[in-house]
Structures are given as C-alpha cells and as structure tokens.
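Observations on the three-dimensional arrangement
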Amino acid sequence: MLDLKYIWVLVSINRFIHDTLEDGKTRSGLKLRCTSKLRIQKQEFFEFSEQSVLSNLYWGIDSIEAAIQAQQPEERSFRLKNSEQMLQVPAMLDEEEVTATIPNRYLVCCSYFYLSVVRKLQGDEWQAALHFLQAVLVSPKLVWTEFASQLCDSLFPQSSIQMKQGNCSSRSLESVSSEDEMDEAIREVARRYKECLVYYQVMLYGETPWWRSYCGKQSARSVDVTNTSCVSSPSVQHEPRLKSCNTVSIVLIYFYYWRS
C-alpha cells in the first residue's frame, strides 16, 4: 500500500514553508539569522569569486522578499527565477571547504533552505520538500537550531531529546562525538525521506495531487496517515512498486526518463 508517512513529510515541510512565508516578522528573522555571517570578517584580501558567492547568496535571499511583495505575476516569476539562479551558485560549493572565512557547509545549507522557499512560491511542492531535506543533509544542526526547530522535532522525533541535550554549555570530546553521531542519525532519516519522495514524485507523475490543499491553509496534522481512501485509483495501481522506494529503483527511473 501507499505509505502516507512520506506524503505527511511532504505536507509538513510545505506547511512549514507556507506558515513562514505568511509571517513577515518570521521571514525577516530567518533572513537575519542566515545572512548575519555574510558580513566580511577581518582579512586583508578576498578573492573576487568569494565575494561573488556571498553576494549571490545575499541577493538571492533578498530577491525572494521582493518577489513576495511584487504586484504583477510576471515580476514575481522573474524575481523568483533570478533568486533561484543566484542561490544555485553557493549551493554548488564543496561542503568541506571555506569561503571568505565562512564554512561552506553553512553557505550550502542556507542556499538549499531558501531554494526550498523559492520552489514553494513557484508551486512545486515536491522540489520544495527535496531542497529542504537536502539542507538537513548538509547541516542537520543548523536547520534544527536556526531555521525549523519545531518541524525537525516532528520529522525526527526520536532525535529530539538527544539533540537538545547536546546544546549544554559544557562541551567535552564525548559530547562532540555524540553530536556527530546525532547528525548522522538525522541524516540517515532525511536521506530515507528524500529517496522515497523522489520515488513517489516520479511514480505519481501526472496524477491529481489530493494532498496539495493540506500544504496551505489546513494543518498538516489533519492528514490521516492511516486512511488510504484518499489515494486515487491510479495510485493504487502503483502500490506494489511504491512499497520498495530504494535508491536503485530511483536511479533506474531517472535513467529511463533521461533516455526517453
């Protein structure tokens, strides 16, 4: 049967983004937290490319707000496309390197988080969720502590207490090791979510998204994950395949669509 747990993940992420976009103060707070590290720190010389990366991230985020405030659909669409192009620049950085004294993992995580916002505004709920999960894969702790703590509590419930315990003031080698293990545990769950959402995205292509209404005004908690009656008949035909959403299947599906 179709596992609605992953549809609930999709709805929960999109509902969070929707609620964030509706609140101007929340949007401003997120922007401030993300861009606070982008101020150039004391260093005699920066490569032009490094300045360009930071500028693309900053103005990519800024362009989202301009798109939200846009009055005309054409202007909104243009600004969102422009924002996406700029955010893709820092998103392609090597996560293990550093740019202008800022860890790339921080820059890449912020980029994917805001790419999820762009995709939500463009009406692409699937890709919005996938970008959000990629941000979690890049830096679980950053997403948890700075961007979406309540959502992460919901998506990764077994990790909540351990993550909060890791925020204690006294840090030892054991606590650092524990935090690393915690990050890996969250990544494993996020990776599973992402693989299954990609699988469902392909297998349910072209079907009416019955869950879309839950991504907006209604609460994600109202989705009954035990009720499969809301699944359309074409979806039921896919049920045997939907149960095995593994990486190999995803690769084969993408290879098929790429060749066709």
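Residues take numbers from 1 onward in each chain, read along the sequence in its written order. Whole-chain, interface and lining totals are the exception, using all residues; otherwise, since this is a predicted model, local features are given only for residues with pLDDT of at least 70 and side-chain atom pairs are given and counted only at 80 or more. Calculated side-chain values reflect all of the structure's heavy atoms, with hydrogen atoms and water omitted.

**A look at the pattern of salt bridges**
Applicable threshold: Salt bridges are counted wherever a side-chain nitrogen of Lys or Arg sits within 4 Å of a carboxyl oxygen of Asp or Glu. By definition, any uninterrupted DSSP run of H or I lasting at least four residues is a helix, any uninterrupted run of E lasting at least two residues is a strand, and each is numbered from the N terminus. Exposure categories follow from relative accessible area, calculated using a 1.4 Å probe and restricted to protein chains: below 20% of the type maximum is buried, above 50% is exposed, and the middle band is partly exposed.
The full count for this structure, using the stated rule, is 10 salt bridges. Among the salt bridges present, the one from arginine 33 reaches glutamate 146, with a minimum N-O distance of 3.7 Å. Taken as a pair, arginine 33 in helix H2 (residues 24–35) and glutamate 146 in helix H7 (residues 140–147) lie far apart in primary sequence, 113 residues in all. The exposure class assigned to arginine 33 is partly exposed, which follows from its relative accessible area of 36%. For arginine 119, the salt bridge identified is with glutamate 84, shortest N-O distance 3.2 Å. Remark: glutamate 84 occurs in helix H4 (residues 73–91) and arginine 119 occurs in helix H5 (residues 104–121); sequence separation between them is 35 residues. Assessed through its relative accessible area of 13%, glutamate 84 is described here as buried. Each of Glu84, Arg119 and Asp124 takes part in one network of salt bridges that share partners.

**Let's talk about the nonpolar core**
Spelled out, the test is: Joining through side-chain atoms within 4.5 Å is the link that ties buried Ala, Val, Leu, Ile, Met, Phe, Trp, Tyr and Cys residues into a set, and such a set is a nonpolar core. Should any heavy atoms of two residues lie within 4.5 Å, those residues are counted as being in contact.
Among the nonpolar cores identified, the biggest contains 70 residues, and Phe132 and Phe147 are the most heavily contacted of them. It is H5 that provides the largest number of residues to this core, a total of 12 residues. Apart from the residues within four sequence positions on either side, phenylalanine 132 is in contact with Ile13, Phe16, Tyr112, Phe113, Ser116, Val143, Ala148, Leu151 and Leu155.

**A few points about H2**
Applied cut-off: In this analysis, the expected span of each helix is defined as 1.5 Å times one less than the number of residues it contains. Regarding the arc, it is the one traced by the directions from the helix axis to the C-beta atoms.
Taking 1.5 Å per residue, 12 residues should reach 16 Å; H2 reaches 16 Å between its end C-alpha atoms and fits that length. Among the residues of H2, Arg27, Leu30, Cys34 and Thr35 are the ones counted as buried. Buried residues of H2 fall within an arc of 115° about the axis and therefore sit on the same side. In this structure, H2 carries Lys25 and Leu32 as exposed residues pointing more than 90 degrees from its buried face.

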